[in-house]
Amino acid sequence: MTDQFPILQRQVNSHRLVYLDNAATSLTPEAVVNAIADFYRHHNANVHRGVHSLSQEATTLLEDARRRVAAFINAPSPRHIVFTRGTTEAINLVASSLGQSFEGGDEVIVTAMEHHSNIVPWQLINSRCRVRLRVVPLLPDGSLDMDALDSLFNDSTRLVAVTHVSNVLGTVNPVERITAIAHSHGVPVLVDGAQAVAHRRVDVQAIDCDFYAFSAHKMYGPMGAGVLYGKNLDKLPPYQGGGEMVDKVTMERTTYQNAPLRFEAGTPSVADIVALPAAINWIESVSWEQIHDTEQALLTRATAGLEHVPGLHILGTAPDKDAVLSFVINGTSSYDIGVLLDQQGVAVRTGHHCAEPLMARLGIDGCVRASFAPYNTVDDVDALVNATMRAASMLR
Ligand SMILES: *Cc1c(COP(=O)(O)O)cnc(C)c1O
């Protein structure tokens, strides 16, 4: 499989590259690189505008990608799929659009493990009216305190915004259950799927969420493309204004397209979007079963190996955990460990991982995160463990 990822042939600091930063961005298989190049080589034209053949081809490719993405997450139809630049833009879209109906004193329920991109967009609504965030706390193993969730609802609750999988703890949240509870209170649910879509089959109808957001670049696709699934998009006001999203424009007033085009103002990142099906094909060619088995085996091996490093503490030990392994080592900074690992060719993430409130909750200012993908190997895990062992002995 590694032969489909030429970047894995690279040397880094005179060592074989051991890429364990997949939760920040996954590597891109040849098929995806070729799909991007193929668009620019053979079909490059703007979409939804021209009558000329290339423009029609580009439009067809884009709409094919929408169908493919809809099938990938089992959306009822492509009309529920909005293309964005990524998860961040998808969540900002909902905050800007749905948020227009929020009033002072309204509340959004988030969790203590959210990425900044599922916290800050809700706070931005404060520039118009005061919105309060209510926070689902964590249990010691890094899973959500589901008993506390129910008590956070009241007449002012407007939305639950929750991550499907934590980018730091690896915890897989029970999003079906959360959605059922929220709906019993008449509250819609947004799921941040950025860390989930590359690791498990996502079925938005089974989850029954109202919104589901994810990025192509964390599922072996290109940077610059993302997806917002929405159950009832036609009821929402537009996000950005511009070309493509309009029906009729005069200087006095404008009418808008229906969803999804209403939410796609301006020229989209067409080459990146039309390469997304190649990423989905790659995932399906590997199979969910093999992805799961490979990643869980690597996670288990890495956990067992790292536990032997003196002073090392693993963050997040929930029973249902995806391929993310974060840790701290007493008396060391995550930055120093990251530098020493890089010198040995091992790429990991260090710092607060865009989850500063979670770091505060854990009482740390940062951690080291290794995250796995199906092209990682037992050798990669052993390199991580050995390099961490060495780094720890140098720093302590
Ligand atoms: C990466 C990530 C995001 C942000 O994704 P972008 O591609 O940077 O927009 C949001 N939430 C989680 C859980 C993430 O891991």
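Caption draft 1: Inspection of the nonpolar core at higher detail. Ile73, Ile81, Phe83, Val160, Tyr212 and Met219 are the most contacted members of the largest nonpolar core, which has 77 residues in total. Among the elements that line this core, the one with the most residues is helix 2 (residues 53-72), at six residues. For this core, the domains that each give at least three residues are domain 1 (2-25 + 287-395) and domain 2 (31-284). In contact with Phe83, other than residues within four places in its own chain, are Leu62, Ala65, Arg66, Val69, Gly226, Val227, Glu264, Ile273 and Leu276. Residues Leu312, Val368, Leu384 and Ala387 belong to the second largest nonpolar core, which totals 25 residues.

Caption draft 2: Spotlight on the packing of helix 10 (residues 288-306) against helix 13 (residues 378-395). At a minimum axis distance of 9 Å, the contact between helix 10 and helix 13 shows a crossing angle of 20°. As judged from the angle between their axes, helix 10 and helix 13 are roughly parallel. The chirality of how helix 10 crosses helix 13 is right-handed. Mapping the contact onto sequence places Leu298, Arg301, Ala302, Gly305 and Leu306 in helix 10 and Val378, Val381, Asp382, Leu384, Val385 and Thr388 in helix 13. Its residues assigned to classes, the contact of helix 10 with helix 13 shows seven nonpolar, two polar and two charged.

Caption draft 3: Just the domain arrangement of the chain, in detail. Considered domain by domain, the chain is made up of domain 1 (2-25 + 287-395) and domain 2 (31-284). Look at where the C-alpha atoms of domain 1 and domain 2 centre, and you get two points 28 Å apart. Contact residues are listed per partner, giving 36 residues for domain 1 and 32 residues for domain 2. With both chains or domains summed, domain 1 and domain 2 bury close to 2800 Å², and 56% of this area falls on carbon and sulfur atoms. On the domain 1 side of the contact with domain 2, Trp288, Asp322 and Leu358 bury the most area, a combined 26% of that side's loss. Where domain 1 packs against domain 2, one counts two salt bridges. Across the domain 1-domain 2 interface, the total number found is 18 residue pairs in polar contact (both at pLDDT 80 or more).

Caption draft 4: Expanded view of the sheet that holds strand 10 (residues 226-230). The sheet built from seven strands is open, its strands ordered 4-10-9-8-7-5-6 with mixed pairing. Where the open sheet ends on each side, the last strands, each with one partner, are strand 4 (81-84) and strand 6 (132-136). Across the sheet, the mean angle separating the axes of adjacent strands is 20° when strand polarity is ignored. Direction of pairing for strand 8 (residues 189-192) relative to strand 9 (residues 211-215): parallel, over a ladder of three bridges. Residue pairing across strands places Val191 opposite Tyr212, the latter belonging to strand 9.

Rules behind the numbers
Residues numbered from 1 in each chain as written. Predicted model: local features only at pLDDT ≥ 70, side-chain atom pairs only at ≥ 80, totals over all residues. Heavy atoms only, no water. Core = buried A, V, L, I, M, F, W, Y, C linked by side-chain atoms within 4.5 Å. Buried < 20%, exposed > 50% of the residue type's maximum accessible area, 1.4 Å probe, protein only. Helix = DSSP H or I, 4+ residues; strand = E, 2+ residues; numbered from the N terminus. Domains from an automatic or database assignment. Contact = heavy atoms within 4.5 Å. Axes fitted to C-alpha atoms, helices over the stretch in contact; angles between N-to-C directions. Parallel < 35°, antiparallel > 145°, perpendicular 65-115°, else oblique. Left-handed = near helix turned anticlockwise from the far one by under 90°. Nonpolar A, V, L, I, M, F, W, Y, C, P; charged D, E, K, R; others polar. Buried area = accessible area lost by both parts, 1.4 Å probe. Salt bridge = Lys/Arg side-chain N within 4 Å of Asp/Glu carboxyl O. Polar contact = N/O pair within 3.5 Å; in protein donor to acceptor, adjacent residues only side chain to side chain. Pairing = 2+ DSSP bridges.

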